[in-house]
Amino acid sequence: MENLEFARLQMAFTLGFHIIFACIGMVMPFFMVVSHKKWLNTRNPLYLELTKAWQKGVAIFFVTGAVSGTALSFELGMLWPEFMKHAGPIIGMPFSLEGAAFFVEAIALGFYLYGWNKLPERFHWFTGIIIGISGVASGILVVSANGWMNAPTGFDFIDGQFTNIDPVQAFLNPAWFTQALHMTIAAFVATSFAVAGVHAFQVYRNKRPELHKKAFKIAIIFGAVAAFLQPLSGDLSAKDIAKRQPVKLAAMEAHYETGRNVPLYIGGIVNEEQQTVSHKIEIPGALSFLAFGDFDAEVKGLRDFPEDEHPPVAIVHYAFQIMVGIGTLLMLAGILYFISLKYKSLFNRKWYWLIFVVLAPLGFIAVEAGWVVTEVGRQPWIIYGFMKTSEAVTPMPGMEFSFYMYVVVYLVLALTVTWLMRRQIKVLNNTKE
Amino acid sequence: MLYIVLFFLLFSLLLYVLLGGADFGAGIVELFSSKKSKRITRDTVYRVMGPVWEANHIWLIILIVIMWIAFPSYFNVIMIYLHVPFVLVLLGITMRGVAFIFRHYDAIVDKSQFFYNWMFRISSLVTPVFLGMSFGSLVGGRIILAQDFSGYSFPELFIWPWFNLFSFLVGLFYAALCAFLASTLLIGETKGEVRRMFSRKSAIFTTVLVLLGFILILYGYISEVKFIKDFINNPVSIGAVILSGILLFPLWRAIKKQNRVASRYLAGLQVVLVLFAALYAHFPYIIITTGKELSILEGLPPHSVIQNLAIMLLIGGAIILPGLFHLMKSFGMIKILETGKEEMGH
Ligand code: HDD
Ligand code: HEM
Ligand code: HEM
């Protein structure tokens, strides 16, 4: 493999790592403040216990998110110096605002973690809200920068130079809104189902079920609502892409032949050499409808684009299938939760809890898959239509060593964090009620 | 507008060196403590630095973001040629950050604390050394700006520019600065026996710092490092160094007398003077390569970008600085008195 490939792998790996912590950092604070609020209202000590346990989780995840994020802000320059040289000034605005959001978050976190019994109760609780809001704000801001890579605007491209830069227009690029909306909802889906799953497992094992049922309930409500909205927002994204990045859409759907009334493929094995898809289920006209809201709309196929502008079709297609499959499944799970509110006897069934245990990792798998769709689907471009990834990569050789190092360090880190979380739960379970 | 951006660039650099530095320094002080005082240092550091710990390190991110938005050509050179030491810095930051949080937030306190503690202490020392080495190599005059990389070996381009004695001395100097800042800061946060301990440590690190600074300048002068020679020949820079030398006397007294406020401000002033002296002689030519000196003001992006950034920085500053100040005030100063008593009891 070449230097470029290793740089891409490293970028993908470190971003894929960071996004998990970023999602948790965005969403956990909301669970924490809900539980905290319930403690303030009911003075039920279980809620206090839960708040404090979650707070430790937030701190651990926050720091892991922060250090991996710090690494990323260097990495953008270290791996893609040519990209940053030209793109940095253009997409600087979301990043500088993001810096402010990080600060607000860190300040609020300082107040929250160290403020127990020192700050007035309401103010202390309120700093928790600020953590959540500024976390979501930083997520939205970075995604705007990524949106610009997909839909570059706010400059004129003259003789290979980016001129007449308008940072505000670049910030509010056409991909910004759909991507930020979809990503924010995704963070809620993924984190909620993961947290709910962890607590469902404790209920399943009958370890302090009362406490864990309370925790489960807080998490799953967020998750169920978000999982319901997710496919709607995903549909918006897909319609957007159909207009803006038709190659990406074609790759997502493994759609080779341009035509009208195009079917949607579910599943299927892609053969990139022969440009065919086998073993698929076809839904007639569905792709035309989903992309343009009209069964007869024309959808461009991959053959209409030069081969050297095709992204890796199979990866994008499979990733898309995984995301949509999981999205559908989690929406159903959300509905199941609302049903169980009506039929409370379900809460006494072991299998009910087991379902949520099994679903726990799926949200995060969908997040990773979704990013693969977005990022791999943009290849070979780093700035869609303007700069190729291969033009942006660092001239320094030896990227493989750096890649392997990151893999080892982050794997060890991930294992340690998981182990720490298990210890948190162990302590929680062993406390006498 | 450019001046606003430059102001924020230098401001975040200064705050990172000061606050981030004090933070690294806390780990270094702990590393060089006896077994018993390691424990005390650890607890004091957690109490004092804990709430502001995260915020201290965001200055680095602000610094990077300003660099890549407003000084892209300059940033480009740094990112290509200092790739390796930066990977090491990042590794250090990662290890340190997680070790700090693990040791204080692990639900079960057992033998694993041993690993967290040592990881924290060692990365606290190593990270500022590599940071200092990176800065040293920027001005060390050994970076080869190559058009075509094939004529050079990997070490020539990516290792020797930063892996040399001069850079290493800069690295050690910065690490000593960190330790000096931390121990001086901690004087003001403790009482009684513990305060005497930090006052002693602060005196030791001041001595180490001055010695290292002297060796650094001497070595730079002898081995003809351009940056050092220009620095010595620049009346303003050398004036700043002499002033900082004179101010060592009141600082020394303040440390001995365990004067909380004076020692802290005088220590901060030392850093301002040293940083000023280092940057002034060469500003805006802060990258010195084998061939030429690169100005930070070269290849600036269009005015619209600078203007937008300046506005964002002003807005951000207006939101953040009061909050930050409030946080430091709430947790830094107020608690000193109450917690001083606790420590006496231990
Ligand atoms: C919990 C996670 C999750 C779930 C259940 C879904 N998605 Fe998604 N999707 C993401 C998480 C995600 C993501 C990781 O957040 C992405 C990557 C980039 C982005 O903005 O969001 C994404 C990207 C993404 C894109 C590409 C956007 C772009 O490249 O600009 C499309 C078209 C969809 N999604 C569509 C869908 C549809 C139709 C779903 C129906 C069920 C769906 N997603 C469920
Ligand atoms: C879609 C992708 C991303 C999302 C949603 C996201 C979101 C977040 C969030 C919510 C945090 C707060 C930390 C926490 O609460 O755990 C964070 C931290 C951070 N992120 Fe990301 N991020 C993304 C990608 C990136 C990228 C590409 C960069 C680098 C340019 C980056 C740089 C950072 C930095 C520097 C921090 C640390 C801030 C601190 O010290 O508090 N992030 N990110
Ligand atoms: C955190 C969520 C994200 C994930 C999981 C992710 C994933 C990926 C993947 C898989 C690649 C490799 C694509 C390939 O080479 O085939 C990639 C590349 C890249 N991503 Fe992202 N991405 C995320 C968010 C972002 C954001 C927010 C930014 C920028 C602000 C960004 C900037 C880049 C850059 C510069 C590259 C390298 C160039 C390229 O391959 O196009 N990514 N990312």
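Residues numbered from 1 in each chain as written. Chains lettered and ligands numbered in written order. Predicted model: local features only at pLDDT ≥ 70, side-chain atom pairs only at ≥ 80, totals over all residues. Heavy atoms only, no water.

A.B. asks: Looking at this structure, how should I read the overall build of chain B?
C.D. replies: In terms of helices and strands, chain B carries 14 helices and 2 strands. For 346 residues, the compact-globule estimate of 2.2 N^0.38 gives 20 Å, and the C-alpha radius of gyration of chain B, at 21 Å, lies within 12% of that figure. In terms of overall dimensions, chain B has a C-alpha envelope of 65 × 45 × 40 Å along the principal axes. When contacts within chain B are restricted to residue pairs at least 6 apart in sequence, long-range pairs at least 24 apart make up 79% of them. Where the 27 positive side-chain charges of chain B centre and where its 17 negative ones centre are 11 Å apart. (Helix = DSSP H or I, 4+ residues; strand = E, 2+ residues; numbered from the N terminus. Rg over C-alpha atoms; globule rule 2.2 N^0.38 Å. Contact = heavy atoms within 4.5 Å. Lys, Arg positive; Asp, Glu negative; His and termini not counted. Charge placed at Lys NZ, Arg CZ, Asp CG, Glu CD.)

A.B. asks: I keep staring at the confidence of the model for chain B and nothing clicks. Help me out?
C.D. replies: Should pLDDT be low for a region, the predicted coordinates there are not to be read in detail. Residues and elements named next belong to chain B. Taken as a whole, chain B shows an average pLDDT of 84; of its residues, 95% reach a score of 70 or greater. When pLDDT is averaged over each element of chain B, helix α6 (residues 112-139) comes out on top at 91 and helix α14 (residues 335-345) at the bottom at 39. Here residues 333-346 is modelled with pLDDT under 50, and outside its nearest four sequence neighbours on either side it reaches 21 contacts, counting other chains as well. The ipTM value of the predicted complex is 0.87, and its pTM value is 0.91. (pLDDT = per-residue confidence, 0-100.)

A.B. asks: Explain the coordination of the iron atom of ligand 2 to me, please; I cannot follow it from the model alone.
C.D. replies: Octahedral metal centres with six donors ideally show angles of 90 or 180 degrees, and tetrahedral centres with four donors ideally show 109.5 degrees. There is one protein donor for the iron atom of ligand 2, namely His18 of chain A (NE2), at 2.1 Å. Relative to the elements of secondary structure, His18 of chain A occurs in helix α1 (residues 3-42). (Donors = N, O, S within 2.8 Å, 3.2 Å for Na, K, Ca; no water.)

A.B. asks: What exactly am I supposed to notice about the interface of chain A and chain B here?
C.D. replies: Think of interface size as the accessible area that goes away when the parts come together; that is how it is often given. At the interface, 58 residues of chain A touch 61 residues of chain B. Summing both sides of the interface, chain A and chain B together bury roughly 5600 Å²; the carbon and sulfur share of this comes to 81%. Per-residue buried area on chain A facing chain B is highest for Phe74, Phe103 and Tyr114 of chain A; these three make up 15% of the total on that side. The tally of links between chain A and chain B comes to 2 salt bridges. A salt bridge links Arg423 of chain A to Asp110 of chain B, with the shortest nitrogen-to-oxygen separation between them at 3.1 Å. One can count 9 residue pairs in polar contact (both at pLDDT 80 or more) joining chain A with chain B. In terms of residue class, the side of chain A that touches chain B is built from 41 nonpolar, 12 polar and 5 charged. (Buried area = accessible area lost by both parts, 1.4 Å probe. Salt bridge = Lys/Arg side-chain N within 4 Å of Asp/Glu carboxyl O. Polar contact = N/O pair within 3.5 Å; in protein donor to acceptor, adjacent residues only side chain to side chain. Nonpolar A, V, L, I, M, F, W, Y, C, P; charged D, E, K, R; others polar.)

A.B. asks: Honestly, the site of ligand 1 in this entry has me stumped. Any pointers?
C.D. replies: Residue and element names in this part refer to chain A. Around ligand 1 there are 23 residues in total, and His182, Lys248, Met323, Val367 and Thr374 lie nearest to it. Here a nitrogen atom of ligand 1 sits 2.8 Å away from a polar atom, N or O, in the side chain of His182. Between ligand 1 and Gln230 there is a distance of 3.3 Å, counted from a nitrogen atom to a side-chain nitrogen or oxygen. When grouped by side-chain class, the residues that make up the shell around ligand 1 number 13 nonpolar, 9 polar and 1 charged. (Near = heavy atom within 4 Å.)

A.B. asks: Please clarify how the packing of aromatic side chains should be interpreted in this entry.
C.D. replies: The geometry of an aromatic ring pair comes down to the distance between the two centres and the angle between the two planes. Scanning the model with the defined rule gives 54 aromatic pairs over all chains in all. Aromatic side chains Phe103 of chain A and Trp59 of chain B sit 4.8 Å apart centroid to centroid with 65° between the ring planes, which places their arrangement in the edge-to-face category. Placement of Phe103 of chain A in helix α4 (residues 92-114) and of Trp59 of chain B in helix α3 (residues 53-70) is noted, with the two residues assigned to different chains. For Phe103 of chain A, a relative accessible area of 1% gives the class buried. Since its relative accessible area comes to 5%, Trp59 of chain B is described here as buried. Plain terms: the ring middles of Phe216 of chain A and Phe356 of chain A are 5.1 Å apart, the flat faces sit at 75° to each other, and that makes the pair edge-to-face. Placement of Phe216 of chain A in helix α8 (residues 209-244) and of Phe356 of chain A in helix α12 (residues 350-359) is noted, with a sequence separation of 140 residues between them. With a relative accessible area of 2%, Phe216 of chain A lands in the buried category. (Phe/Tyr/Trp six-rings, centres within 6.5 Å; stacked < 30°, edge-to-face > 60°. Buried < 20%, exposed > 50% of the residue type's maximum accessible area, 1.4 Å probe, protein only.)

A.B. asks: I tried to follow the site of ligand 3 on my own but got confused; where do I start?
C.D. replies: All names here are of chain A. Near ligand 3 lie 22 residues; those nearest to it are Arg8, Leu15, Glu375, Arg378 and Gln379. Within the side chain of Arg8, one N or O atom sits 2.4 Å away from an oxygen atom of ligand 3. Contact distances for ligand 3 include 2.6 Å between a nitrogen atom and a side-chain N or O atom of Glu375. Listing elements by their share of the shell around ligand 3, those giving two or more residues are α1, α5 (121-150), α13 (362-376) and β7 (381-383). Ranked by residue count, the leading element in the shell around ligand 3 is α1, at 6 residues. When the residues that make up the shell around ligand 3 are grouped by side-chain class, the tally is 15 nonpolar, 4 polar and 3 charged.

A.B. asks: Explain the pattern of salt bridges here, please?
C.D. replies: Residues and elements named next belong to chain B. For the structure on display, the rule yields 18 salt bridges over all chains. Across the pair Arg39 and Asp43 runs a salt bridge, and its minimum N-O distance is 3.8 Å. Placement of both Arg39 and Asp43 in helix α2 (residues 35-49) is noted, with a separation of 4 residues, approximately one turn of the helix. Note on Asp43: relative accessible area 34%, which makes it partly exposed.

A.B. asks: Sorry, what's going on with the nonpolar core here?
C.D. replies: Across soluble globular proteins, you tend to see nonpolar side chains buried next to one another. Counting 238 residues, the largest nonpolar core has Trp80, Phe83, Trp148 and Phe356 of chain A together with Phe71 of chain B as its most contacted members. With residues up to four places along the chain from it excluded, the contact list for Trp80 of chain A reads Leu4, Ala7, Arg8, Met11, Glu75, Ile382, Thr389, Ala392 and Val393 of chain A. In this structure, Leu249, Ala251, Met252 and Ala291 of chain A belong to the second largest nonpolar core, which totals 18 residues. (Core = buried A, V, L, I, M, F, W, Y, C linked by side-chain atoms within 4.5 Å.)

A.B. asks: Help me understand α13 of chain A in this model?
C.D. replies: Structurally, the α-helix is built with 3.6 residues per turn, so residues lying three or four positions apart point the same way. Residue and element names in this part refer to chain A. Between the first and last C-alpha of α13 there are 20 Å, a value that for 15 residues agrees with the 21 Å anticipated at 1.5 Å per step. Most of α13 sits inside the fold, with 12 of its 15 residues counted as buried. Regarding α13, the residues found buried are Leu362, Gly363, Phe364, Ala366, Val367, Ala369, Gly370, Trp371, Val373, Thr374, Glu375 and Val376. Contacts from the buried residues of α13 go to α1, α5, α7 (176-204), α9 (246-252), α11 (313-342) and α12. (Expected span 1.5 Å × (residues − 1).)

A.B. asks: Could you clarify how one ought to interpret unusual backbone geometry in this entry?
C.D. replies: Comment: phi is negative for the bulk of residues other than glycine, and the bulk of peptide bonds are trans. The peptide bond linking Gln379 of chain A to Pro380 of chain A adopts the cis configuration, its omega dihedral lying at 5°. Considering the arrangement of structural elements, one finds Pro380 of chain A in the loop between α13 and β7. That bond from Phe283 of chain B to Pro284 of chain B is cis: its omega, 0°, falls within 30 degrees of zero. A positive phi angle is found at Arg208 of chain A, which is not glycine, with a value near 40°. Take Arg208 of chain A: it is sitting in the loop between α7 and α8. One non-glycine residue, Glu224 of chain B, adopts positive backbone phi at about 60°. Looking at where Glu224 of chain B falls in the secondary structure, it is placed in the loop between α9 (192-222) and α10 (226-233).

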